Structures are given as structure tokens and as C-alpha cells.
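Breakdown of the fold
The chain contents come next:
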Amino acid sequence: MATIQRSRADQAGSVVRYVVLVVGAILFLLPFYLLVRNGLSTEQDITSPDWKLFPSSLQWHNVVDLFTDPLLPFGRALLNSLVISVVQTIGVLVISGLAGYGLARIPFRYANAVFYFIVATLLIPAAVTFVPSFVLVSTLGWVSTLRGLIVPGLFQAFATFLFRQYFLNFPRELEEAAQLDGTAYWGTFWRIVVPNSTGFIAAIGTITFIGSWNAFLWPLVIAPDQSAWTVQIALSTFLTAQTINLPQLFVAAGIAILPLVVMFVFLQRWIVEGVERSGISE
Amino acid sequence: MPALATRLRGRYDRNLWFVIFVGPFVLGLLVFVYVPIVWSVVLSFFDARNTVTPTDFVGLGNYLDMLRDSAFRSSLATFVLFALFIVPTTFVASLGLALLVNRTRFARTFFRSVFFLPTACSYVVASLIWKLSIFNGVRFGLANTVLGWFGAEPVAWLSVTQPPWYWLVIVSARMWLQAGFYMILFLAGLQRIAPSLYEAAAIDGATGWKVLRYITLPQLRATSTAVLLLLLINAFQAFDEFYNLLSSAGGYPPYARPPLVYLYYAALGQGQDFGHGSAGAVLLTLLIALVALVQGRFLGLGKRED
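Residues numbered from 1 in each chain as written. Chains lettered and ligands numbered in written order. Predicted model: local features only at pLDDT ≥ 70, side-chain atom pairs only at ≥ 80, totals over all residues. Heavy atoms only, no water.

Focus on the pattern of salt bridges
- If you walk through the whole model with that rule in mind, you get 5 salt bridges over all chains.
- Salt bridges linked by common partners bring Asp 47, Arg 49 and Asp 273 of chain B together as one network. (Salt bridge = Lys/Arg side-chain N within 4 Å of Asp/Glu carboxyl O.)

Printed below as a string of C-alpha cells:
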């Protein structure tokens, strides 16, 4: 009797669980749907007080209009964002990867001091230093240049910290085999360690790319000129403009999240693994 | 000289290799993180309007001005209110999602992906959807349409301060963007709980809430501490959604202005007042450090194992 009752309760519980999950999933997907729906609607469909789930007709020309509108430099902003994100991602992987490996594996008398020097910056929220960073970068004459947008983001203490933790747990036997062959640190790193760490590198790379693509405060501060706008700045400017073409704005936003959504679909497994291995929750 | 070179390179050139591997990163950190911090502290003691090489030393004057400035104080109050909303709600939502997804066998990856997907979305894009599609002005928008189905009056979500509906807009946008990420952290934590603990609890006849209360939550303690700390630090740095949801072609409303938005307008607005901006940044950093420290103490972060 008890077991039958228990299993009834379990079944009822699992039905409730699935109902909550499905309702939650619909709520979480709804904003994505609204983005697509509005991008393919007419202005009237979006602002109509009589809101409908589906647009009255699909306006595919909105996509073409966005890129042919001479007043909206959206193509340029996309290109800027792409260059910034790709260069920053590769840069962070190389710079932080090397630093993390050096800290984890090369014996050096002051290695601990160097490590504390790096970790200390984790305690200072990056956003708080935007005023002096702006001052520094403008002193260098890098305002509204790609350099000004890219270079300060190349030195990510958190990425270095994660790489160090990961390399500490990398199986030493693999490296020792290579070192017997007389390969120095440099060769061991590139030929043994990197090829065997693609999953972790993909995880850090994806997280860096997302952060770089979605960055807002720094580009807002350092790129006042239209020529250096990123996708996020362009969207934000259209959002607060006097006159907005709503369907075009939604198409632009849809295109802005497209690269990341595609990346998510293909690389999600690595991101999840990377987050799980990051040791944040150890 | 050769002797010195050998010493600098170290045994098997180890020192040299360490510099080659770690050097570029440390140099970049020095120039782009440490220099700005020191510069900020220096600027905060000077009258630095429209200049970054000031000569007029004012001591703690900027700090006192900021602490006396009711707009800056109210921005700190805005933050506290925001944190009081967002930290517990996101914590409960992400833990709840993790518990639900963790116990799901069917379509588990699907649900995990759906809840995680908003992480790919920027605050700007979310603000745009929230502002122009869900929480529009009085007549339009999804939220007002849904209210209409229940016969309720439409609401001016972002343009009234009484009642402060804009908080709902801001908090829900951030929750949507963040909950999935913290869910992943909780899922990782749940996976590390030994199954034997649950088996032992089952033998003792513990079910449902009791298992959650006496096994799951205590075992998730480390994860919970990390999540709370991250949520709080992120809340302190709130900027993107406040800026994009509330600023309009006409300007930015003085209410709902968190510290970073205030500092942005103070330092980079018309006055280019780097002195007061830097003093505010230093105060904010100290405040974040203090709260993190107190929270860490309170939650037992860094406490030695017994």
C-alpha cells in the first residue's frame, strides 16, 4: 500500500515538475520569439493596441532595408564588433593561456607574488575603473579607435586564473614524456598541452567571445564616433533615438544575437563543462 | 657579465621561460589595470575638471562632496534597493531551476539549454525587447495586452515613479538574463553531492522538503556562497539595463540611477569632472569590498574546515 501511494505521489510530483518546466521554458523563449516576430512585422503590427501572437504578414524586406538604410551604419558596427570580439578572444586565449601555464608549471622564486598580484585585480570590479581607464586610453590617443576598444580587454585576470587552475590538474605524465625528448616549455606547451586541452580552450574562448560581443559600458565610454560603434552601441543609440524604425531595430537586435545563439547551439557542451570545471563553486 | 646573464635566466633558463610565458600578461595588467587604479586614486584628491593632469590638490574634498551629494547618496540607495530585489529572487529562481532540471530525465538537455540560452543575449537586446515589446507605454505591449484579458487597466511601466513599476521591468530583465548561468553553477554543485547521502536519507524515511533542507542545501553551501557573492558584485555594477531601459532621447531620469550610471554622467558628461568621478569610483570600490567582506564572513567564506 505504502509503495503504491508513494509512487502515486511521485507521479503527481513529476507531472507538476514538468508543467512548471514547460511553462518556464515558454517564458524563457518568449523574448526570443518576440524579437523574430517584431523583426518580421510592420510598424503597425508592433504598436497595435490589439496585440496578436503572429504578425499579419511576414515582412522579409525589413532585413534588406536594415542594410540598405544609409542613415543606420549597422553593417559597419557589425564588422567592428566582429573584429573586436575575434581579436580579443584569440588574444585572451594566447596571453592568458601562456600566463596560466607559466604560473602552473614553471618554477620561479617569485611565482606566488606574481599570482597574488594577478588575483588582487579580481577583487576590484572592472567597471569601477572605467573613469581612469578612459583617461589612460584617451591620453594614448586611442579614443574611437579599434585599438582603444580591443587592447584594454586583452588582459583578463579571471581567464588567467582559470587557465592556471586547469593546468595545475593537467596530467604531468604527458608533459614529462615530451620533456624527455628534450622539448622545452615552449614546445611542450604548444605540441602537447594545447592539443590536449581543446575543450577547456573552447570553453574560455566562448565565454570571452560572449563577454566581448555583449560589452556595453566600455564601448560607450571609449567609442563616441559612429565609425567605431559596436553592435551594442548602435542598438542602444537607435533605442533612444527620436525617431525609430521599430521593425528595423528588431531585425538589428536579432542579427546582433545570431552569432552567439549559433555558437551556443554548437559549443554549449563546452561552456557548461568549462563553468563546471571553473572551480567557482568548489 | 655572463654570470649575471646565467643567474637571470635561471637553472635550465627557467626564469627566462617564466618571463616569456607570464610577462606579457603581467605587463598588460600593470599598464591597463594597475595604472588606471593608481591614477584614479590620485585624481580623486585633485580638482580635475576637463583635465587629467590636474594641479589643484583638494585633499579629501572630492570625497566629502560626494558623500554630501544627495544624488550620489540616492544612487547608492537605488543600488541597495535593487540588490534587495535581485539577489534573493535570482538566487531562488536559479536554485529552483537547477533542482527541477536535475531531477528531470526526459528532455533534460533541452530544458537546460532553454534556461541557459538568455546568457547569450546582451543587456542591450534584452532592454530593447522589454522596453519596446513587453512593457511598452500605456496602450501597447504584451504585458498590457495580458492585463487587458483580465480586465485590468493598462500600466505606464517605465514612465511613472508612483507606483514604481519600472523596478519590475528592470528586475525581470536581469533575472531572465542571469538565472540560467547561476542554474549551471548549481547544477555543477548538485552533481558533486554523493548519492550515498540521499540513499541514507531514504532509509531514514526522509522525503521531499526534509531531503532538501537537511541534505541538498547544506551540501550546496559553497556553491550558494559563491553565487550570492557573484550576484551581489554584478548588481553593484548594474549599468547596461538601467541605461538602456530608462534613458530616452530627452535624457535620463534622476530616479532609478544606480552608482555606475551616476558616475558615468558625472565623469563623462558635460563637466568631465574626473576628480569627483574618481572619488565616487573609489568610494564604490570600497563599499563593494566591504559588503563582500562582510558577506564572506557572514556566510563562512574562507572559513577553515573543522
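Let's talk about the environment of Ile 257 of chain A
- Checked against the element boundaries, Ile 257 of chain A lands in helix H14 (residues 246-277).
- Sequence spacing of Ile 257 of chain A and Phe 32 of chain A is 225 residues, and the spatial spacing of their C-alpha atoms is 9.6 Å.
- Dropping the residues within four chain positions of it, Ile 257 of chain A is found in contact with Phe 32 and Leu 35 of chain A together with Cys 121 and Val 125 of chain B. (Helix = DSSP H or I, 4+ residues; strand = E, 2+ residues; numbered from the N terminus. Contact = heavy atoms within 4.5 Å.)

Overview of the domain arrangement of chain A
Residues and elements named next belong to chain A.
- For chain A, the assigned domains are domain 1 (8-58) and domain 2 (70-279).
- On a C-alpha basis, the centres of domain 1 and domain 2 stand 33 Å from each other.
- Contacts between the two partners involve 9 residues from domain 1 and, on the opposite side, 9 residues from domain 2.
- Taking both sides of the interface into account, the surface hidden between domain 1 and domain 2 amounts to around 690 Å²; carbon and sulfur atoms contribute 77%.
- Together, Leu 35, Gly 39 and Glu 43 form the three largest contributors to the area buried by domain 1 at its contact with domain 2, with a combined 60%.
- Across the contact surface, domain 1 and domain 2 share 0 salt bridges.
- Taken together, the connections running from domain 1 to domain 2 amount to 1 residue pair in polar contact (both at pLDDT 80 or more).
- For the side of domain 1 that touches domain 2, the element with the highest residue contribution is helix H1 (residues 2-39), accounting for 4 residues.
- When grouped by side-chain class, the residues that make up the side of domain 1 that touches domain 2 number 3 nonpolar, 5 polar and 1 charged. (Domains from an automatic or database assignment. Buried area = accessible area lost by both parts, 1.4 Å probe. Polar contact = N/O pair within 3.5 Å; in protein donor to acceptor, adjacent residues only side chain to side chain. Nonpolar A, V, L, I, M, F, W, Y, C, P; charged D, E, K, R; others polar.)

Overview of the packing of aromatic side chains
- By the definition in use, this model includes 56 aromatic pairs over all chains.
- Between Phe 28 of chain A and Phe 115 of chain B, the aromatic rings sit 5.0 Å apart at their centres with planes inclined by 85°, giving edge-to-face as the arrangement. Of this pair, Phe 28 of chain A sits in helix H1 while Phe 115 of chain B sits in helix H5 (residues 108-116), placing the two residues on different chains. One exposure class covers both Phe 28 of chain A and Phe 115 of chain B, and it is buried.
- Judged by centre distance (5.8 Å) and plane angle (40°), the ring pair of Tyr 101 of chain A and Phe 21 of chain B falls under tilted. Residue Tyr 101 of chain A is found in helix H4 (residues 74-105), and its partner Phe 21 of chain B is found in helix H2 (residues 14-43); the two belong to separate chains. The pair Tyr 101 of chain A / Phe 21 of chain B is uniform in exposure class, with both members buried.
- Grouping aromatic residues by their ring pairs yields a cluster made of Tyr 101, Phe 163, Tyr 166, Phe 167, Trp 186, Phe 189, Trp 190 and Phe 200 of chain A together with Trp 17 and Phe 21 of chain B.
- The ring of Phe 115 of chain A carries Arg 164 of chain A above its face, with NZ or CZ at 3.6 Å from the centroid. (Phe/Tyr/Trp six-rings, centres within 6.5 Å; stacked < 30°, edge-to-face > 60°. Buried < 20%, exposed > 50% of the residue type's maximum accessible area, 1.4 Å probe, protein only. Lys NZ or Arg CZ within 6 Å of the ring centre and 35° of its normal.)

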